[in-house]
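So you can see what is in the structure, the chains are spelled out below.
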Amino acid sequence: MNTFGLDTFGDVTHDAEGRPLTHAQTIRNLVEQGVLADQVGLDFFGIGEHHTPDMPLSAADVVLAAIAARTSRIRLGSAVTVLSSDDPVRVFQRFSTLNAVSDGRAEIILGRGSSVDSFPLFGYDLADYEDLFEEKTHLFAELVKGGPVTWQGKTRSSLHEQDVVPFTEPFPTWIGVGGSPQSVVRAASHGFSLMLAIIGGHPGRFAPFSELYLHALEKFGRSPLPIGIHSPGHVAPTDEEAQEEFWPHYLDMISRLGRTRGFSTPTPESYAHEVGPHGALFVGSPETVAAKMARTMKTLRASRFDLKYGIGGLSHESLMRTIQLYGTEVVPRVRELLS
Amino acid sequence: MKIAVLGAGHVGPVIARLALAAGCPVAIAGSGDPSRIEMITEFLAPGAVPRSAADALADADLVVLAIPWHRLGSLEPAMFAGKVVIDAMNHWPPADAPLGTSEEVAARLTGAHVVKTLNHVAYQDMEPPNGRAVGLAGDSPAAVEAVREFLSRIGFDPVPVGPLTSGRLLEPGSPVFGAAVRRPELEKLAKEQS
């Protein structure tokens, strides 16, 4: 069955005059956005951990618990949890607690972190980037099975027949993958679902990752698991309106990120390409976004699509409209196209 | 032209695919046993041969370094003697000021002919190359020529920007880093920086 969600990094929103709201107000608005996502029938709402003044969602699970208290249907999770710079035991405890509070609606997407602000903050060395994730994912896989855990490694103290509480029903675990083939194989080896983060370029180039994942699952003797897509987007009544609203904020963000990651500074031409049929931005009218989602899900053999909405600088009202249109028009149309 | 790609992460398989498409035989090596990257190679760079770094390098005409920067110290310098080596790496996290990775690579891999290039193109922007201009910097004219030929074959427009110290022009912080431009613009940007 296909499922549809929304992800956000909790970027600071602006008021009608373009002034940034406080972190506290941004976070309270985020709760409203999660509640609306439930009301419009979406399957999942995810918050990505970040530690910067323009993305202050460092403790996303607390916000998810607040949303859980006001909803009864939507599943709630991270997008992603930066496991490398956290203690897997503590991460498990927080999400198992969320699972209890929400009556079994927790999910978790683990990631190595493409924003690496949490490494210096918590005293980790980026030179250990791969090793930390490898070892901590392994421990998390043991924890999520439930029952006493025995584990030994280099990144935290050993566990011997340790009860890690609260005990709840197992919850879905995903690994978020940006472009690392090793992460694809790792997800399959642990029996975790695969979430492909596609934030630029032709989404179709990820098709070999899906094939690699499905093959690896088979090789490790695992049953089939879902493949999901996480991509940025923005929905408005018309293509022009959506594209115009999104552009200045996209230009600002990619220009800043590009200085350290090698992204090209967007131009009107490159933007037109990204919002077009061969790009990674799901920006447009409900019909345009739905058609692109359906096509991309088919190409990548995905059964889950999470639209990453809410780029910094947009207003809360604009985000609420995106959620409304996504839930009531885009998703029903994608279901129709895929049926 | 036989290519050895060291690194089977974000970047390595992309460069391997481009080289294969241009008709170059490709050997690819990750850290450790080649069997660990068999599946990745089969799906992401079909046609490339997973080998140990030493075996991949032995008969390579050109070596591409696409490993995490902090793994540089784990490379055995003797294997690289006399080889033309593309340094496609960047400091991660980014250094405050450009430090010149390739100068550090050349200092470690004594005997290798290091050419810095491709580091300034994000891996998701490499396919297809579409004649995008890429800078290259190196001290050995023969090595620069070999790399220039390779880059042309796989579909880029190579623009020499000077000796290895000029590799700094291609690093994070420089306007060339991440710039999707054609030759005249890249030449202009490089000139303004030097």
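Reading the values: rules and limits
Residues numbered from 1 in each chain as written. Chains lettered and ligands numbered in written order. Predicted model: local features only at pLDDT ≥ 70, side-chain atom pairs only at ≥ 80, totals over all residues. Helix = DSSP H or I, 4+ residues; strand = E, 2+ residues; numbered from the N terminus. Rg over C-alpha atoms; globule rule 2.2 N^0.38 Å. Buried ≥ 20, exposed ≤ 12 C-beta atoms within 10 Å, placed from the backbone. Contact = placed C-beta atoms within 7 Å. UniProt positions renumbered as here; feature names shortened; annotations may be inferred. Axes fitted to C-alpha atoms, helices over the stretch in contact; angles between N-to-C directions. Parallel < 35°, antiparallel > 145°, perpendicular 65-115°, else oblique. Left-handed = near helix turned anticlockwise from the far one by under 90°. Nonpolar A, V, L, I, M, F, W, Y, C, P; charged D, E, K, R; others polar.

**Student:** How should I be thinking about the overall build of chain B in this particular structure?
**Tutor:** The helix and strand tally for chain B stands at six helices and eight strands. In chain B, the order of α-helices and β-strands from amino to carboxyl end is β-α-β-α-β-α-β-β-α-β-β-α-β-α. Scaling as 2.2 N^0.38, a compact globule of 194 residues should have a C-alpha radius of gyration of about 16 Å, and chain B matches this with 15 Å. Considering only C-alpha atoms, chain B reaches an extent of 45 × 35 × 30 Å along its principal axes. With 194 residues in all, chain B has 52% of them scored as buried. Considering only contacts within chain B whose residues lie at least 6 apart along the sequence, 63% involve residues at least 24 apart.

**Student:** So what exactly am I meant to see when it comes to the UniProt feature "domain: Luciferase-like" (unreviewed entry) in chain A here?
**Tutor:** UniProt annotation of "domain: Luciferase-like" (unreviewed entry) refers to residues 20–297 of chain A when read in the numbering used here. Helix makes up 46% of residues 20–297 of chain A and strand makes up 16%, while its end C-alpha atoms are separated by 35 Å.

**Student:** Would you mind going over the packing of helix 3 (residues 88–101) of chain A against helix 5 (residues 129–144) of chain A with me for this structure?
**Tutor:** How two helices pack is summed up by the angle between their axes together with the distance between the axes. Residue and element names in this part refer to chain A. Where helix 3 meets helix 5, the axes come as close as 9 Å, and the angle between the chain directions of the two elements is 40 degrees. In this view, helix 3 runs oblique relative to helix 5, as classed from their interaxial angle. Crossing of helix 3 against helix 5: the hand is right-handed. Touching Pro88, Val89, Val91 and Phe92 of helix 3 are Lys136, Leu139, Phe140, Leu143 and Val144, all from helix 5. Its residues placed into classes, the contact of helix 3 with helix 5 shows eight nonpolar, no polar and one charged.

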